[in-house]
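Listed below, chain by chain, are the residues.
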Amino acid sequence: MNKILLTALLITANLLGFAQFTIGLPEITNYTKQAYRGGAQTRQIAQDQNGVLYFGNDEGVLTFNSARWKIYPLPNKSLVRCLKFGPDQNLYVGGQDEFGYFSPSINGNLQYHSLKKLIPKEASSFADVWEICFAGKSVFFQTSDKIYELKGNHITVHQDNHWRFMGKAGEDVVTQTANKGLLSYSNGRWIPFAEKTQTALPAGYFATSLTRIGHDSTLLTTLKDGVYLLTARNITKWQPPILHGLQQKNISSSLMVNDSQIAIGTNLDGCYVLDKAGNLVQHLGRKEGLQDNSILTIFLDQQKNIWFGLHNGIDFISYNNAIKHINPASMNEGAGFTSHLYKNDLFIGTSTGLFKFPVGPEKDLSNIHAGAIPIKNSTGEVWNLSEVNGQLLMGHNEGAFSVRGDEAVTLDKNTGYWNFQSFSPTLPAIMIAGTYRGIAFYTYQNNSFKKLPGEAVVESARFVIAAHNRVWFSHPYKGIYSVTLKDSVTSYRKYSRKEGVPSDNNSYLFKIKNALVLTTETGVFEYNAGKDRFEPSAFYNAHLPKLPIRYLKEDTEGNVWFVFEKKLGVLGLTAGSPQVIYLPELTNKFVAGFEHINPVNKNNILIGGEKGFYHINYEQYKHLKYPLQVMIGSVTAINQNDSLLFGGYGNTVFASQSVGIKGLELKHSANSLHFEFASTVYGQSANIEYSYYLQDFDKSWSEFSKRTEKDYTNLPPGNYVFKIKARNNLGNESPVKEYAFVILPPWYKTRVAYFLYVVLFGCGVYLLVNYQRKKFKAQQRRYEEEQRKLQYLHQLEIEKAEKELVELRNAKLEAEIKIKNTELASTAMHLIQKNDVLLKIKAQMTRIKDTTIAVETTADLKSILKTLNEENKVEEQWQQFASHFDSVHRNFLSNLKKKYPGLTPNEQKLCAYLRMNLTTKEISQLMNITVRGVEISRYRLRKKLGIQTGTHLFNFLDAVE
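Below is a summary of the structure that appears in this document. Note that the structure is a prediction, hence the values are computed from the model and not measured.

Rules and cut-offs
Residues numbered from 1 in each chain as written. Predicted model: local features only at pLDDT ≥ 70, side-chain atom pairs only at ≥ 80, totals over all residues. Heavy atoms only, no water. Patch = residues over 30% accessible without salt bridge, like charges linked within 9 Å, V, L, I, M, F, W, Y side chains within 5 Å. Areas by Shrake-Rupley, 256 points an atom, 1.4 Å probe, with all protein chains shown as cover. Salt bridge = Lys/Arg side-chain N within 4 Å of Asp/Glu carboxyl O. Lys, Arg positive; Asp, Glu negative; His and termini not counted. Charge placed at Lys NZ, Arg CZ, Asp CG, Glu CD. Helix = DSSP H or I, 4+ residues; strand = E, 2+ residues; numbered from the N terminus. Core = buried A, V, L, I, M, F, W, Y, C linked by side-chain atoms within 4.5 Å. Buried < 20%, exposed > 50% of the residue type's maximum accessible area, 1.4 Å probe, protein only. Polar contact = N/O pair within 3.5 Å; in protein donor to acceptor, adjacent residues only side chain to side chain. Contact = heavy atoms within 4.5 Å. Arc of directions from axis to C-beta. Phe/Tyr/Trp six-rings, centres within 6.5 Å; stacked < 30°, edge-to-face > 60°.

## Brief notes about a positive patch on the surface
Line of reasoning, step 1. Residues Arg 773, Lys 774, Lys 775, Lys 777, Arg 781 and Arg 782 make up a contiguous surface patch of positive charge.
Line of reasoning, step 2. Note on placement: Lys 777 falls in helix α7 (residues 751–851).

Here it is, written out as structure tokens:
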């Protein structure tokens, strides 16, 4: 009976314990295997000084720098069970039948070095390496049946039938075997960790993790037998009530998440965070947003955020962030519309109803350890919670309600209500309410509210402000109105362009620093009561974004919170000068059109979200400063088949990346580079922006942006320094990282090339001079030749002219000769005719003489005949003709006689007549012979002169000189 009662009490305690975790959950980011492109299971996690994370994954070693995942497989493609950084700052890993380490190559890329070759041949075959530990100069690799100890270049094998576990308790390497329990390594031997090990730990236990929780104390978790505390080689069981239920959920891992909290991972129900007293702080499982309830490993990064290696995926919990998510399961994931801290309770209104959380001593409301208490009669959309005259009023889709304890009491159910507020401090008894129809007025008497007649039925009034003895309200699509109440009679007035309202659309009214502020699509306006119009606000327009602002809210410190384009920001006015801070973690997480900001105080800002609420500890947010750093992830030559120039690592894997990284001398063909960079502040990754600058190429630093890569193409030869810096949303900047490199000139711009150019230039000058000299000589020769040609041509011209002159003379002579010949021929013909006439006369006179008898007549006739005989002296006439012919024809007859002395006078005459080119008929008349006689004479002459057949007789005679 006592056992049953004890069990019941334990179960009750467990249930109460499980219910009392904090209402604020850290933001959870899920990384699926599709996102990181690796295997499902991740068993161990490590981080180097640059902040890069390393995951022992089913497909190798995964790395993540907040911007990119990369996987490094083992040579045998086996899964990686464990990984740790060693004293030499290299990354040691263990897989299946393989272990070794990663170290950077000369270009900063990770390369794997297997240690398996050092194992003695008889022990070289093994299964999974489950754990790695370091002690002194030794590295221990634990498998199921062997532990390999690497010291220097020698491996010692420690045999056992079943090594179940290996870890570190302080500086000691502690192992568990199936039959010897906990052992520690000392002077080359495995000795019992404590004398009472066997009695303190139950039989058959299976150790799963060792976590140091103090200077000399370590937490030992077992799979199904609870949690134990190891101190000074003593073992005691840790027995807070919550652990009685946890040990049934297969405890897989543990970790100190801060000085006062311990995270315990399970294989069946996610992770439980306990304080050192054993009280439950938080539970993280599938219901809270994890991908999987099976946690294989827990890791705390440099910014105190938690990483889970799961059976199926990797999850990131922004545990140390100042922003928490309030969305208990009992709220049915309703959208957050309103909240109010009333007395000692936090009330939250959602799309599913109103809920109450009792507030304890917590300074941070997200740390409330309480369940959500639903308020009766509140189911549905709760638009507003307002405290008026000490009472909490609820604006609801179904009407107006007064919240009393755990119940909502109806005030009016005739229409839906948006909000409530006192008309003015001087008239606290009058309350105004924005309804679905317009403005309603209430009076407060005897601790109760009574609705007054004269409701202003205008438009739905969701944004209501009481100011300047009037009630103002805005409708997002119908404009700005003011309502006055006098003697139970209401009247209203619409404000338009004439009163300075630029548009009816997207106009919202707010009361900031006791001023009536209007936000529009064209800027922010303030109401000028003296002019009764809205005027542009110089202050807000100078500091707020030049975009339509949908919501404004003043906090208790005087800062102004605002929402625009589903983004949240705050205009800080508490420092020396106004400063705008954006909170990108909450971008696009509002309920569009129903934004809600409740600045309770500087530690508690409540933001309505699409699912529940977000809590911002603004004081912590502003002052939570981890060293902001940036790293160059890789440099790649993109025009050489993406050749990796720099892989992101220095001399060792663990070491910090130096501020100035000396790059390579790159060929000109590698003058297009791709830079990748990141900031490993994982909890603020949404807040980080980057600016880059390529010295001696860019004119100035680039604008800050979310881009984590940059390409430079076709860089000219020269020395360059690529610089990158990061900035968070608070304006803090990281130190600048640099990568210096040189783009060598192309081969045709190298020193050798320039030397060759000088030589070639000299040779060219020499050849040019020589060529010019030769060309000059050739030109001179050509000139001389041309001069000779000109002289020759001139001579030819002269000769031609002389020839033409000669030809003219000859032509003239020929013409003269022709004339002379004609004259000679005419003379000859005349002589012939004369001779014929004379001969005929002589013949007649002779006949007359012979027939005449008279003496006187006979004497006269004789005298006449004598005269005729004297006149007919043919020989003398020929001589005269010949002389005249020679003078015309260049002594033709004289030359003919000399050359052919055997010619008869008749043949000479024939030659003269032929030379004159007379026809045969003319020649026959001159020679007083027949034409036939002329031809015969010609034939005889040719034969006598020896003229060949085919030679023209005229041409032959023409050549006689």
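## Notes on the nonpolar core
Line of reasoning, step 1. In terms of nonpolar packing, the biggest core is built from 33 residues, with Leu 552, Trp 561, Leu 568, Ile 607 and Ile 616 touching the most fellow members.
Line of reasoning, step 2. Counting only elements with at least two residues in this core, the list comes to β48 (508–512), β52 (551–554), β53 (560–564), β54 (567–572), β57 (604–608), β58 (613–616) and α6 (618–623).
Line of reasoning, step 3. Take this core: its biggest share by element is 5 residues, from β53.

## Observations concerning the side chain of Thr 222
Line of reasoning, step 1. Take Thr 222: it is sitting in strand β20 (residues 217–222).
Line of reasoning, step 2. Only 3.0 Å separates the side chain of Thr 222 from the backbone nitrogen of Asp 225, close enough to count as a polar contact.
Line of reasoning, step 3. Contacts of Thr 222, omitting those with residues within four sequence positions, involve Tyr 205, Phe 206, Ala 207, Thr 208, Tyr 228 and Ile 251.

## Observations regarding the side chain of Gln 657
Line of reasoning, step 1. Summarising the element assignment, Gln 657 is placed in the loop between β60 (643–646) and β61 (660–666).
Line of reasoning, step 2. Note on Gln 657: relative accessible area 7%, which makes it buried.
Line of reasoning, step 3. From its side chain, Gln 657 meets the backbone oxygen of Gly 648 in a polar contact 2.9 Å long.
Line of reasoning, step 4. Setting aside residues up to four positions removed in sequence, Gln 657 forms contacts with Asn 50, Met 631, Ile 632, Phe 646, Gly 648 and Lys 737.

## Section: a nonpolar patch on the surface
Line of reasoning, step 1. Among the surface-exposed residues, Trp 747, Tyr 748, Val 752, Tyr 754, Phe 755, Leu 756, Tyr 757, Val 759 and Leu 760 lie close enough to one another that they form a single nonpolar patch of about 980 Å² accessible area.
Line of reasoning, step 2. For Trp 747, the location among the structural elements is in the loop between β66 (737–743) and α7.
Line of reasoning, step 3. Given the relative accessible area of 67%, Trp 747 is considered exposed.

## Some thoughts on helix α10 (residues 892–899)
Line of reasoning, step 1. For α10, every residue scored as buried is listed here: Phe 892, Leu 893, Asn 895 and Leu 896. Taken end-on, α10 shows its buried residues confined to a sector of 160°, consistent with a single buried face.

## Details of the packing of aromatic side chains
Line of reasoning, step 1. Following the criterion strictly, the structure yields 65 aromatic pairs and no others.
Line of reasoning, step 2. For the ring pair Phe 55 and Trp 69, a centre distance of 5.4 Å and an interplane angle of 45° mean the geometry is tilted. In this pair, Phe 55 is assigned in strand β4 (residues 53–57) and Trp 69 in strand β6 (residues 69–72), connecting sequence segments 14 residues apart. Judged on exposure class, the residue Phe 55 and its partner Trp 69 are both buried.
Line of reasoning, step 3. On the basis of an interplanar angle of 70° and a centroid distance of 5.5 Å, the ring pair of Tyr 92 and Phe 134 is categorised as edge-to-face.

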